[in-house]
Every structure is written in C-alpha cells, then in structure tokens.
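Each chain is listed here by its residues.
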Amino acid sequence: MDYIGFSSEARMRLPPKPRQPDPLEKLLACPEYAALPITILSHAQAVPLGVLVRGTLEWMLDDATLEQLFHEHAPDQYSRELTLGALVRLVIQVSAGTRSSVYAAYKADQTLEQPTIATTCQAVYGKLGRMQPAVSEAVVRYGADRCGRLLTLMPQTRVEPRPGYRMRVLDGNVLAGSDHRLTPLRRWLNACLPGKSLVVYEPGLGLVTDVVLCEDAYTQERALLTHLLPRVQASDLFVADRNFCTTRFVFGISRAQASVIVRQQRRALPCQALGPLQRCGQTETGVVSEQRVQARDAETGTTLELRRIEIRLCAKTRDGERTLAVLTNLPAHVSAIHIAQDYLVRWTIEKHFQFLTQSLHCELTGLGQPRAALFGFAMALLAGNALAVVRGSLRSAQGQEVEAEISGYYLADEIAHDYRALLKYLPAAHWPGWRTLPAVALAPLLRSLAAQVNLKGLTRSRRGPKKPPPNKPVYDKKHKHYSTARLLKDLDQKDTC
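Given the structure is predicted, the values throughout are model-derived calculations rather than measurements.

(A) Spotlight on the overall build of the chain. Scanning the chain for helices and strands turns up 19 helices and 10 strands. Seen through its principal axes, the chain has C-alpha atoms that stretch 90 × 75 × 60 Å. Counting over 497 residues, the chain shows a buried share of 49%. For the chain, contacts bridging at least 24 residues in sequence account for 65% of all contacts bridging at least 6. Here the chain contributes 62 positively and 47 negatively charged side chains, and the mean placements of these two sets differ by 5 Å.

Okay, structure coming up:
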C-alpha cells in the first residue's frame, strides 16, 4: 500500500505498512531448517561472518566421525572425558587467532555455563602431546572433503586453472622453533623445530586437501612422498618444485594415471633427449621451447617418455638463473605455453602459507611437544579451509570480482572478533542443528548469510610499486642499537642544512 499524499494525521489512522520479510528469514522458515533455533536470525543479521564460520565449523566437525577417525588412526589410545571433537574445537580457536594460547582458550571454556571440557588443563596438554600425527592428517582430509562437497554446490566457486584436471600444488613446510619450555630445550639458545609437513593445496577451491606430518624436522621431504602417493587419483595434476623431481614421485604419478608438472632436477631424475628443442612461443616471463625426453627407473628398468618445457626468462631468478625447465606427462593437446603458465600456479601455496602464518596462527610456539605442535598446524589448515568456504560463499553471493578485492588479513581479523562474541552469547547448545543439515540445504543458507556481509571494511589496501632504498642498510658491530629519536633528529638537521 502506498501512503504518499496522505497527511500526517491520516497516516496515523491508517493500518501499519506490512513488513517485508528478510530473505534470510524466509529461508530459515523452510522445513529443512527446523533444527536451527530462531535466535540465530538476529545474530546472523548483526555478525553474519561469525555465524557463517561457526555454522561451517559445526557442520564440518561431526563428533561421531571424529571419534571414529581417532579410534581408526590411534588404536592404542582411548578417550573417556576428553574427546577429539573437544580438542579440535579448543585448539582451532588458537590456530585461527581467536585466542592467544591453549590455556587462554581453556580458561574461556571453563567460564561458559556448560563447559565442553571437563578435565584439567594438564590433561589437555598431555592429550595434545600424545596425539598421533595420523589423526591430525585424517581430520584435515575429512574436513577438506566436506568443504569441497559444499563448495561444489555453489555457483562460481570452483575455478580450475587447467580445465579437465584437478590441479594440486605440492610443497613442504617446516614449523618454526618453539619456546624453550621443555627441559631438554632449555640448554640451547638455538631454535628447536617441532616438525615438518608435506601439504597439498588445491588452488581451484582454495583448500588444503591433504597433508603428511612428521615429528622429525630433519626428515627429507622426499621421504614423505611414500605416504602421499597411494592417495593420488587419476584426475589429479600435481605441480611441484624441483625438490620433488625424483624417480619415485614422477613414476609413481604416472603409474596412478595422473599428471605432473615438476621443475627439472637433472641429478635426481636424469633424462635423455629424444628430439631437438623447438621454440613454441613467448609468455610474459620468457621464451618457451619444448622437446621430448625419456626418463628411466634404475630399480625396475622401466622407461617413461616426458615433455621438457624450457623457459628462457626475461629476468633472472633469485638464484641468478636465466633458464628454467619443467617436466610433464600431459598430452600433446595441452600446449607448452599453457604448461609454462600452469607452473606459475605453484606460488599460490606460498601465498597460502603466508596467510596461515600472518593472518592465522599456524605455528603455536607455546606447544613444544612435536605432536601437539603438528596438531595445532593441522587445526590452522582446518581453519583456513573454513575461511575458503567463507570466501566461496561471498564469491557466489556477491560476485567473483567483489570477492577478489577482499583482504584475507582483514577477513580473518573480523571473523576472530565475531567468533568470540558468538561463543559468549550463543553457547554450544544453539549449534547442534547445523550438524544435521545436508550439504544441499547448507549451501543456500551460507549464500544467504554471505549476502548480508558488508564488505566495505574488508577490501584490500593497494600500494604503489616498491622503491629500492637509497642506501643499502649496514650492520655496525660497534653499536648493537641506536636511539630512534636521535636518528630522526640527525636526519632533520641534514635536511635543513
């Protein structure tokens, strides 16, 4: 009803204007969302990012499945009062930056009306120190599988760099040195490394889909490939650096009928040329050429024909190299130009590691026990996957160009504050209904929540090109430190002269 033209007194006598229902309110009124309490609606309108992340995590972390994974991968351990689900929900707050330490998260949990942990803090640390790395790996794979199925139900969420293949970027990561709290670590001033990991990242979805964890930080990354190769699928396209250019890896990928793009390492995988090097064209980074080569497995005597793509770079690498070569078993219909461009996707995992380190807390230095530190790193990967679902929901609801301008740092910071508020005002009793939702019902709900998010304060801050310093910094051995105020005063005096 249109009230234009009525006087103010006439408007007061007219019936009130009917309120248009909110799209999210209309969606929650559907029968498939009957398990969700109506109190979530007001919070979803106030802090939609917090509700989006908390609901995603509750849907990902099913307690029954987590206990099944625990008993499957740690058969020599048991859980009575302290379950794996409770530990995951506790440590993920620290890895995601919501809490500063495990003890801070534990104290906050004990202040709730219904604490999720009924044991002492010493029991929590003891359980974390005994957590099998296989359990942490299984939790990451389970959460990634759930997130992947959820993202595929949303439009414009999967963008594969190479159509027809599931690109998977492989790289290793060494955890930073932990605090010297354990007795064997106190005698050393050197960094004590709690472990190493081998991570598989899917740039098409922004998810870490697989991980191999090792307690010994001195273990060679290549040795961890034996745990990864049995899980390779035929549609996979692995992109890796030259450290993984080995006979075991390349031949193992080929036996699994998968594809690989790996930078050539002549000593680890010697190849024999089968034809001349032919120029194929030029990209933004350099001139691309191709030739056929053959690799031989010394143990089995089998041979494998590969394509060698050589890029003569326009600018030198950090190591001063002008030529870069990659090996691949992709078919001939994939051009050498596209293969050279696909290898550049390898840097996406480096950016993801930087995001996990700076925006999240993937390295918990307060956990000195290797298994506890690896569990914290796995929870950071899980939190990163949950944020990938958030970004996918925003991309599906508000457009790909709008989502591309979102800063991961500002997004993680905003979610950390909203998450703490929800922990206080919406306790755990309000969230079990999310776990029973099917993926086909959760996907439109997340899109509706993402449509409520105001992105003005989350956009990236663009900066100009970096300028080289006028003078190269030097280290003065005579002075270990300087007064900043005096340095600025000397600079002002030089400018005025």
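Having seen the model, we can carry on.
(B) View of the pairing of strand β9 (residues 303–313). The element β9 is extensively covered by neighbouring structure, given that eight of its 11 residues are classed as buried. Counted between consecutive antiparallel strands, the loop separating strand β8 (residues 286–296) from β9 contains six residues, among which G301 sits at a positive phi close to 80 degrees. Examined bridge by bridge, β9 and strand β10 (residues 323–328) share six bridges and lie antiparallel to one another. Bridging from a neighbouring strand, I311 pairs with L324 of β10.

(C) Main features of the packing of helix α14 (residues 370–398) against helix α16 (residues 408–425). Between α14 and α16, the least distance of the axes is 12 Å, while the angle of their chain directions is 105 degrees. Here α14 is positioned roughly perpendicular relative to α16, judged by the angle of their axes. From α14, L387, V390 and R391 reach across to α16, where they touch G408, L411, A412 and I415. When the residues that make up the contact of α14 with α16 are grouped by side-chain class, the tally is five nonpolar, one polar and one charged.

(D) Fine view of the pattern of salt bridges. Enumeration over the complete set of coordinates arrives at 26 salt bridges. The residue E310 makes a salt bridge to R308 at a minimum N-O spacing of 3.0 Å. A relative accessible area of 7% means that E310 is categorised as buried. Since its relative accessible area comes to 6%, R308 is described here as buried.

(E) Region of interest: helix α7 (residues 102–110). Within α7 the residues assigned to the buried category are V102, A105, Y106, A108 and D109. All buried residues of α7 project into a common sector of 165 degrees when viewed along the axis, lining one side. Summarising the contacts, the buried residues of α7 are in contact with α6 (84–95) and α8 (121–129).

(F) Seen up close, the confidence of the model for the chain. Counting all residues, the mean pLDDT for the chain is 88, and 96% of those residues have values of 70 or more. Across the chain, strand β3 (residues 207–214) holds the top mean pLDDT of 96, while helix α1 (residues 8–13) sits lowest at 54.

(G) Inspection of unusual backbone geometry at higher detail. In this structure, Q257 is a non-glycine residue whose phi angle is positive, near 60 degrees. Summarising the element assignment, Q257 is placed in the loop between α11 (247–255) and β5 (259–263). The class of Q257 is exposed, set by a relative accessible area of 64%.

(H) Expanded view of the environment of L69. Looking at where L69 falls in the secondary structure, it is placed in helix α5 (residues 63–73). Exposure remark for L69: the relative accessible area of 13% places this residue in the buried category. Between the C-alpha atoms of L69 and Y142, which are 73 residues apart in sequence, the distance is 9.0 Å. With residues up to four places along the chain from it excluded, the contact list for L69 reads A138, V139 and Y142.

Parameters at a glance
Note that residues are indexed from 1 along each chain, following the sequence as it is written. Totals for whole chains, interfaces and linings use all residues, but because this is a predicted model, local features are given only for residues with pLDDT of at least 70 and pairs of side-chain atoms are given and counted only at 80 or more. Hydrogens are left out, water is left out, and the side-chain values use all remaining heavy atoms of the structure. Only runs of H or I of at least four residues qualify as helices and only runs of E of at least two qualify as strands under DSSP, and these elements are numbered from the N terminus. When a residue's accessible area, from a 1.4 Å probe over protein chains only, is under 20% of the maximum for its type it is buried; when over 50% it is exposed; and in between it is partly exposed. Contact definition: two residues touch when any of their heavy atoms are within 4.5 Å. All tallies of charge rest on Lys and Arg as positive and Asp and Glu as negative; His and the ends of each chain are not included. One atom stands in for each charge, and that atom is NZ of Lys, CZ of Arg, CG of Asp or CD of Glu. When DSSP finds two or more bridges between two strands, those strands count as paired. Note on method: axes are straight lines fitted to C-alpha atoms, helices fitted across the in-contact stretch only, with angles between N-to-C directions ranging 0 to 180 degrees. An angle below 35 degrees is read as roughly parallel, one above 145 as roughly antiparallel, one from 65 to 115 as roughly perpendicular, and any other as oblique. Here the nonpolar group is Ala, Val, Leu, Ile, Met, Phe, Trp, Tyr, Cys and Pro; Asp, Glu, Lys and Arg are the charged ones; every other residue, Gly included, is treated as polar. One speaks of a salt bridge when a side-chain nitrogen belonging to Lys or Arg is within 4 Å of a carboxyl oxygen belonging to Asp or Glu. The arc in question is the one spanned by the directions pointing from the helix axis to the C-beta atoms. For every residue, the predictor states its confidence as a pLDDT score lying anywhere from 0 to 100.

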